[in-house]
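Topology and contacts: notes
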Amino acid sequence: VGALMAAGHAGLAVYVPDDAAVAALSAWDPATWAALDAHGAIVSFNIALPQVGVLGGIAGAAPRCRLIVSHMGLPGARAHAPSPDAARAELAPLLSLATHANISVKLSGFYAVSDPSHAWPHAVAAPFVVALVDGFGADRCLWASDFSPALDHVSFVQTITVPGLDAYDAATQAAVMGGNLLRMLA
């Protein structure tokens, strides 16, 4: 890890698709987390809502790491937008991690929340975006395009729209759309 970070890497991506991967992640050598923590590494997790709870322990063990949950915790596809209360209830495992200041959320994968996936501007994702911005705060939400998989469902220009973000002021929109990432990389 130290050699990668010294070579200019900012961090790594970890895929946690199921409970077996959670068990494997939980068994990582504490020295690995210590090395990542010493460098303030960015660690991006593709992890679903049922497995996301494992990140609480990691956040505590590596408080200088910047942990990012991709794709809003992968809430799954649907044809109709949930109510704000239903969106918060579904995201409860992820929202419970908002108490950890080193956990952020990528607002991405909107096509994977929409059924059909090409239903841009993905209005069904808006209640999830609002719940996450309200829960984590504008300073810990990051726009991400999910490039290039998104291009199988929408155009490049359409990946730039974040459903529900228009409900917030210009400062919040600027932070989410790039300011937070620039601050994280500084």
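This write-up is about the structure you can find in this document.

Here is what the cut-offs are and how they apply
- Residues numbered from 1 in each chain as written.
- Predicted model: local features only at pLDDT ≥ 70, side-chain atom pairs only at ≥ 80, totals over all residues.
- Heavy atoms only, no water.
- Helix = DSSP H or I, 4+ residues; strand = E, 2+ residues; numbered from the N terminus.
- Contact = heavy atoms within 4.5 Å.
- Salt bridge = Lys/Arg side-chain N within 4 Å of Asp/Glu carboxyl O.
- Buried < 20%, exposed > 50% of the residue type's maximum accessible area, 1.4 Å probe, protein only.
- Disulfide = S-S within 2.5 Å.
- Pairing = 2+ DSSP bridges.
- Right-handed = clockwise from strand over helix to strand, strands pointing away.

Concerning the side chain of T159
Its location among the elements puts T159 in the loop between β5 (141-143) and α8 (170-185). Residues within four places of T159 in sequence aside, it is in contact with W143, S145, A150, L151 and V154.

Side note on the pattern of salt bridges
Any two side chains of opposite charge can pair if their charged atoms end up close together. Enumeration over the complete set of coordinates arrives at 3 salt bridges. The shortest N-O distance in the salt bridge between R64 and D37 comes to 3.3 Å. On the criterion of sequence distance, the pair formed by R64 in the loop between α4 (54-61) and β3 (66-69) and D37 in helix α3 (residues 30-38) is long-range, its members being 27 residues apart. R88 is the partner of D85 in a salt bridge, and the nearest nitrogen-oxygen pair spans 2.1 Å. You can see D85 and its partner R88 sitting in helix α5 (residues 84-90), 3 residues apart, about one turn around the helix. On the basis of relative accessible area, R88 is assigned to the partly exposed category, the value being 39%.

A look at the state of the cysteines
Note on terminology: a disulfide is the covalent bond linking the sulfur atoms of two cysteines. Applying the stated criterion across every chain yields a total of 0 disulfides. Among the cysteines around C65, which has no disulfide bond, C141 carries the closest sulfur, lying 19 Å off.

A closer look at the pairing of strand β4 (residues 103-107)
Among the 5 residues that make up β4, 4 are buried, leaving the element largely enclosed by the rest of the structure. Direction of pairing for β3 relative to β4: parallel, over a ladder of 3 bridges. By the bridge assignment, V69 is partnered in β4 with V105. Note that the unit made of β4, helix α7 (residues 126-136) and β5 has a crossover that is right-handed.

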